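For reference, the chains in residue letters:
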Amino acid sequence: MRVPRRLRSQGQHYIALATGPFATHLLQEGPLVSEEGREVIPVLNPATGEELATVVSASPDDVRVTIHDAHQAFKEGDWRKAPAIQRAAMLSILAQHLEEAVPRLAKIESLQTGRTIREMTAQLGRLPEWLDYYAALLRTHSAFVAPTQGPLLNYVQRVPLGVVAQITPFNHPLLIALKKIAPAIATGNSVVVKPSELAPITVLEFAELAAEVGIPPGVISVLPGYGRSIGKEIVSHPLVRKVDVTAGTNTGRELGSLVGANLASYTAELGGKAPIVVFDDADPVSAANGAAFAAFVASGQTCVSGTRIIVQDGIYDDFMSLFLNKVRSITKRMGSPLNPKSTMGTVISQHHLERIEAIIHRNRRSGSLLAGGQRMTGKSELDGFDFSKGSFFSPTVIENVSLESELWREEIFGPVVVVKRFSDEKHGVQLANACKYGLGAGVWTTDLSRAHRISAEIEAGLVWVNTHHRNDPSSPWGGMKESGIGRENGLEAFEAYTQSKSTIVNTASVEETRQMQDWFAEEEQPSRYG
């Protein structure tokens, strides 16, 4: 597999180092600090603990110069002033190149995240859709004329914001980055992305791809680094007019205060603790399979992961028998993440693994452990892969936890689910909403009226009925309560990267204008102001 070639875009550039097959190195043009003393970030394979690459972190000076360059590129307007049809064509070309790169990028994604290759191939295979969708919006979105009184023409356009910053996470490195980048560049902004230090490689590769197809210098910039330093430096910069972040709720609050100080726009997709509500009339096989997918895809490391499974009394025993059989099957067929037959991969790091272990240990008396509950060691039954050096945690199911338990209340971000019974609709909704988060939720029922009724009552920005984790570039994505503010995807995201601008034109004749505009005439005029 090739290493990233040097990027042609202005600001930040990346070339290969000799420390791994995906090694990258930050270089800069302009009056920047010397390379000596820069922080080097190792990127590890969570399945083996081995180093994949080193990424040299951006410095505070790099941040300032890159944002300045991005601002200059925006002001000069090669991209911003390009006709919408031209930007749309460029996005479509980029989508084609991205589609061709999917097999290579999926393998990199699997190696840097520990997620299975089957997951990453499926996920990345859909990414060109985001570029195509926003290209289509560019071709069809139009301004409008607002109704005004008098001989005035008021046309309203959407104009880009300027430099926008995006802080992206490790769990879906390229998916979440592209969900943010696509509407931002479609609308004419300059984008500065700070990818997760745990999984930055595919975002760097995408930036290279964008440069190769001709996205102008300064439109897409990628600054690797740690969130506590470089991330804060980026979002605090006064030239940044919008920040879009996917992170934990505490991080979202902290960054939001920095953004607010600059009176910039803010979108934040934060924590989640999605309930899966299974009613008596649900098909038990479909519900058990769907709940397992909701809970254990990405090793439970998604903000909409189905971590609270709430099952009605009448179906509880049948559902649990099927669900636990599925959990055992998943566990038995885990292996190398690069094995297409492997069912579930790792969590992102040893640190994260130890955190999950500590949570389970602290709450060992909070409920009944039905499956899993520990890190995986030994050899895989599927392919003999050695789990002991990786960050593998077994799919875990815990029954009858208290609503006050950390297991019920807090986001674990791993393959850990709690299961609880409910009696009737009111009880089921009460349990679903007994949480500070409100990002995703699932409802399983064959009763159409109930599906709509319960979905309306659940406090979440996304509710899936008889499915889960479904995502589309046209579908708004975001949370209620402590799960964030604003939305990704769809027309909402397109407009969130712009602001409205009214142009009001007097269409009266010169004579009418003289009368109408002479507010301070010596003779009183029947004028209107406002």
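Here the structure is a predicted model, which means the values were calculated and not measured. (Residues numbered from 1 in each chain as written. Predicted model: local features only at pLDDT ≥ 70, side-chain atom pairs only at ≥ 80, totals over all residues. Heavy atoms only, no water.)

**Considering the overall build of the protein**
A tally of helices and strands in the protein yields 16 helices and 22 strands. Its C-alpha atoms give the protein a radius of gyration of 26 Å, within 12% of the compact-globule value 24 Å for 530 residues. With the C-alpha coordinates aligned to their principal axes, the bounding extent of the protein is approximately 90 × 60 × 40 Å. Each of the 530 residues in the protein was classed as buried or not, and the buried ones make up 56%. Looking at the protein alone, contacts between residues at least 24 apart form 71% of all its contacts between residues at least 6 apart. Just so you have it, the protein exposes about 22,200 Å², and 52% of that area is on carbon and sulfur atoms. (Helix = DSSP H or I, 4+ residues; strand = E, 2+ residues; numbered from the N terminus. Rg over C-alpha atoms; globule rule 2.2 N^0.38 Å. Buried < 20%, exposed > 50% of the residue type's maximum accessible area, 1.4 Å probe, protein only. Contact = heavy atoms within 4.5 Å. Areas by Shrake-Rupley, 256 points an atom, 1.4 Å probe, with all protein chains shown as cover.)

**Concerning the confidence of the model for the protein**
Keep in mind that low pLDDT regions are not for reading the predicted coordinates in detail. Summary statistics for the protein give a mean pLDDT of 91 and a share of 92% for residues scoring 70 or more. Counting contacts from residues 1–34, a segment whose pLDDT is below 50, to residues more than four positions away or on other chains yields 117 contacts. (pLDDT = per-residue confidence, 0-100.)

**Considering the environment of W477**
Looking at the element boundaries, W477 is found in the loop between β19 (462–465) and β20 (480–481). Along the primary structure W477 and E488 are separated by 11 residues, whereas in three dimensions their C-alpha atoms are 5.0 Å apart. Leaving out residues up to four positions away in the same chain, W477 has contacts with K179, E269, V304, L462, W464, R470, N471, G486, R487, E488 and N489.

**Quick word on the pairing of strand β8 (residues 190–194)**
The element β8 is extensively covered by neighbouring structure, given that 5 of its 5 residues are classed as buried. Residues S190, V192 and K194 line one face of β8 and the alternating positions V191 and V193 line the opposite face, and both faces are buried. Across 5 bridges, the pairing between strand β7 (residues 163–167) and β8 is parallel. Of the residues in β8, the one forming a bridge with I167 is K194. In the classification by handedness, the crossover that spans β7, the intervening helix α5 (residues 173–186) and the parallel β8 is right-handed. Bridge count between β8 and strand β9 (residues 220–222): 3 bridges; the pairing is parallel. Note that in β9 the partner of V193 across the bridge is V222. For the segment spanning β8, helix α6 (residues 201–213) and β9, crossover handedness is right-handed. (Pairing = 2+ DSSP bridges. Right-handed = clockwise from strand over helix to strand, strands pointing away.)

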